[in-house]
Amino acid sequence: MQQHVINTQDLAFQLFELHKTEDLLRFDRYAEHSTETLQAALDLALKVAVETFAPHARLVDEEEPRFENGKVVMRPEVKRALDVLRETGLIAAGQSFELGGMQLPVAVAQMCSGMLKGANVGTHAYAGLTLGAANLILAHGSDEQKARFAGPMLEGRFFGTMCLTEPHAGSSLGDLRTRAEPVGDGSYRLKGNKIFISAGDHELSDNIVHMVLARLPDAPPGVKGISLFIVPKVLVNDDGSLGARNDVALAGLIHKMGYRGTTSTMLNFGEKEGAVGYLVGEPHNGLAGMFHMMNEARIGVGLGAVMLGYTGYLHALDYARDRKQGRPFGDKDPLTDQVPLIRHADIRRMLLTQKAYVEGGLALCLEGARLVDEKRYGENEADRAEAAGLLDLLTPLIKSWPSQFCLEANSLAIQVHGGYGYTREYPVEQFYRDNRLNPIHEGTHGIQGLDLLGRKVTMAGGAHYQALIKRMRRSITEASEIPSLKDNADRLASAIDDLVGATDAISAVRGAGEAERALANASLYLEAFGHVVVGWLWLRQAQAAQVGLDTGGPQAADFYLGKLKACDFFARYELPKVSSLSELLKEVDGTALDMADECF
Amino acid sequence: MKVLVAVKRVIDYNVKVRVKPDNTGVDLANVKMAMNPFCEIAVEEAVRLKEKGVATEIVVVSIGAKACQEQIRTALALGADRGIHIETDEEVQSLEAAKLLKAVVEKEEPKLVILGKQSIDTDNNQTGQMLAALTGMGQGTFASEVVVEGDKVNVTREVDGGLTTVALNLPAVVTTDLRLNEPRYASLPNIMKAKKKPLDGMTPADLGVELAPRLSTLKVEAPASRQAGVKVADVAELVDKLKNEAKVI
């Protein structure tokens, strides 16, 4: 059997030849590591992904969790797989040694969970949410909260959730209504309803720790009046033992298009006396606290989208090599043998498009992961500040570009399979359904566009944006020296000029006080910007591949040639899209904005 | 009681194996390698014996190029105490492997040697048996259960007709079958600890063994793809074809 989680040559190339992850081992935090320990962790994660996660990905899609007698019933394979994550320590791979983690560089820790997502995103989500919730407590909680809740979460005894959305308030979090009343002993009683809470109830762990956004009685209206609370499903005694059931009730399960292995729940807090909650961090500062953690969480979302696209691509590639259909172009003789799908021009174009999207998306996520480490451990303040600024700027792209284009890769994987791809006999339709969530959750595509154009590009007087443009132009200068890359470098230079032109035109309109019009096409700006950045990463991949070819690098020659060809493809088939998008963006068009509601 | 476990680096079972275009062997360039699955079962059994207090030390040995150290480290992360790497870039055939292991046995004097029954690359199923013969130890091959009692080990073996149990005096050689146990995964903290465990390197010459392959490979080919069948009209035609075409009856 062949695994379809990742091309291990590409993983090694991206981590060690493109992103030079071993350079991070110079930081004290990673001094105990060597490339061997990093590789051993990646090998372990892939093994667990292939043996324990992938085999039941279809089962949990077909038999999604059920609500029976107030409890959630699901396939037993889910618990077994999550037990393996707990036993191997993969749940906390990136955490410090003293917290039971392996203190892995962010890129490696992200890849460990990324492979598990690609293998079975529905099962992995329970672990991913737990880590996110634990990180939130570690960043903003008291020592007592860290010991009582985050510790057992990192051990995998307690799982976690994020409770933001309410029936009437999704993207518009400022309108949420859940109330928290102090009761005088330092704790609070919460009352309110939450919806779309992933992993909100299950029998997989001893306890579930909900991270809940709610309002204090004296809260100012809007986003500045939201506080963050820990609300456990089961109360935890001072000695760490479990106490009484808290007033958190499962009101029902939501049935989704994909990600079906993960329960999506409606939770009622405080149907009776009020759910016991504990304030995390400062009052009214909950949203800021939560978004402080978002850069890393959004790399996780982007990487999840990449890995679903990646597994789809590997399935499509395998199918195209094996499945015989039709004859060579021009051969009309029905008695000759049929050729594999991969011999047909349109199939090759679709395969290369998928390769360009998923490997480009992977490079983008790993660039973000590297910036997280440089931001935290960089040698001097200036380096750390530059990394932090670039990470802030790139985060909406890291979340959104793969969510859009690796989803498109999943669509193309179905297309390569033809009619069979549309059936449930093949897994590619499930990857598409699973991946369709990613442009929606963790800040929709539209919100990411507003974040990029409305905040990040102009942040610090445009300094982060300028720093990125400068870095990209420096790469172009370097690549122009290499004959095989000159043409691609020129094409990227022209795409950057188009993007800068669009940015300037939009800024002028915004400067003139027409902010709504300036931001009306923000999601298209996000698309153009994403293509430029991924084009840049393809140029860097091609540069690293050329070095590998010239110096007899660790991967096969065909692999490096494939990288060079994929860079050509991206430069010729994808980068021109930046030009047409920029033409539109430069006009700061308001057709959709201006049309009267009645005319739709 | 000291237990010696032999492990082999082989092509990962998830890799689609491709024959080299010149038919001299399997293409191993840039292919993911891993510990032979039967060897994983051998390591697991040794670790379980240690957890039961039967084994006191587990020594893991591998033969091959420098990269074999990855598999030794994996075994150390799974619970072995120290490693021995016999380094050679030459091809090592079953008999040579057995001779090298015999030299290690003489040095280490383990009470029990556990090996996989075969490796998934060459599928020879010979090394354990040859080692037992060379050292004069008793052998329990295709083990599905291993119980150490005093100076004896009872090995339940999977044979064609079912199960058979042999009692062997220690020291003894055991080779593992698929159902002996379900190997655990190495944990991340143990991967870090394995880095600090001792790993001794040596060469076949250090052990006084000269590598001299006795078998030469003539040709390696991928299995022929299955041909389409034919439909027969009736039993008479089937019998006729079996008799005159296939010549099997």
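Residues numbered from 1 in each chain as written. Chains lettered and ligands numbered in written order. Predicted model: local features only at pLDDT ≥ 70, side-chain atom pairs only at ≥ 80, totals over all residues. Heavy atoms only, no water.

Novice: Pulling in residues and values, what's your account of the packing of aromatic side chains?
Specialist: To describe a pair of aromatic rings, one takes the distance between the centres and the angle between the planes. Residues and elements named next belong to chain A. All chains considered together, the criterion is met by 16 aromatic pairs over all chains. Relative to Phe559, the ring of Phe13 has its centre 5.4 Å away and its plane inclined at 70°; by these criteria the two rings are edge-to-face. Within this pair, whereas Phe13 is found in helix H1 (residues 8-18), its partner Phe559 is found in helix H18 (residues 557-574), the two being separated by 546 residues in sequence. Residue Phe13 shares its accessibility class with Phe559, and that shared class is buried. (Phe/Tyr/Trp six-rings, centres within 6.5 Å; stacked < 30°, edge-to-face > 60°. Helix = DSSP H or I, 4+ residues; strand = E, 2+ residues; numbered from the N terminus. Buried < 20%, exposed > 50% of the residue type's maximum accessible area, 1.4 Å probe, protein only.)

Novice: With reference to specific residues and values, describe helix H1 (residues 37-51) of chain B.
Specialist: Residues and elements named next belong to chain B. Between its terminal C-alpha atoms H1 stretches 21 Å, which fits the 21 Å expected from 15 residues at 1.5 Å a residue. Taking burial as the measure, the 15 residues of H1 include 12 buried ones, the bulk of the element. Burial in H1 covers these residues: Pro37, Phe38, Cys39, Glu40, Ile41, Ala42, Val43, Glu44, Glu45, Ala46, Val47 and Leu49. Of the residues flanking the end of H1, it is Gly53, one or two places downstream, whose phi is positive at about 85°. (Expected span 1.5 Å × (residues − 1).)

Novice: Lay out the packing of helix H10 (residues 345-377) of chain A against H18 of chain A with the relevant residues and their values.
Specialist: Residues and elements named next belong to chain A. Axis separation between H10 and H18 bottoms out at 9 Å; the angle between their running directions is 95°. One way to sum up the angle between H10 and H18 is to call them roughly perpendicular. Judged by residue contacts, Arg349, Leu352, Thr353, Lys355, Ala356, Tyr357 and Glu359 of H10 engage Gly562, Lys563, Ala566, Phe569, Phe570, Tyr573 and Glu574 from H18. Here the residues of the contact of H10 with H18 sort into seven nonpolar, two polar and five charged. (Axes fitted to C-alpha atoms, helices over the stretch in contact; angles between N-to-C directions. Parallel < 35°, antiparallel > 145°, perpendicular 65-115°, else oblique. Contact = heavy atoms within 4.5 Å. Nonpolar A, V, L, I, M, F, W, Y, C, P; charged D, E, K, R; others polar.)

Novice: Explain the interface of chain B and chain A to me, and be specific about the residues and the numbers.
Specialist: Opposite the 16 residues of chain B that make contact, chain A presents 33 residues. Here chain B packs against chain A, burying approximately 2000 Å² in sum over the two surfaces, 57% of which is carbon and sulfur. Of all residues in chain B, Asn30, Tyr185 and Leu188 of chain B give up the largest surface area on contact with chain A, accounting jointly for 35% of the area buried on that side. At the junction of chain B with chain A, the criterion picks out five salt bridges. Between Lys47 of chain A and Glu40 of chain B there is a salt bridge; the shortest N-O distance is 2.8 Å. Take the side of chain B that touches chain A: its biggest share by element is four residues, from helix H5 (residues 188-194) of chain B. Taken together, the residues that form the side of chain B that touches chain A break down as eight nonpolar, three polar and five charged. (Buried area = accessible area lost by both parts, 1.4 Å probe. Salt bridge = Lys/Arg side-chain N within 4 Å of Asp/Glu carboxyl O.)

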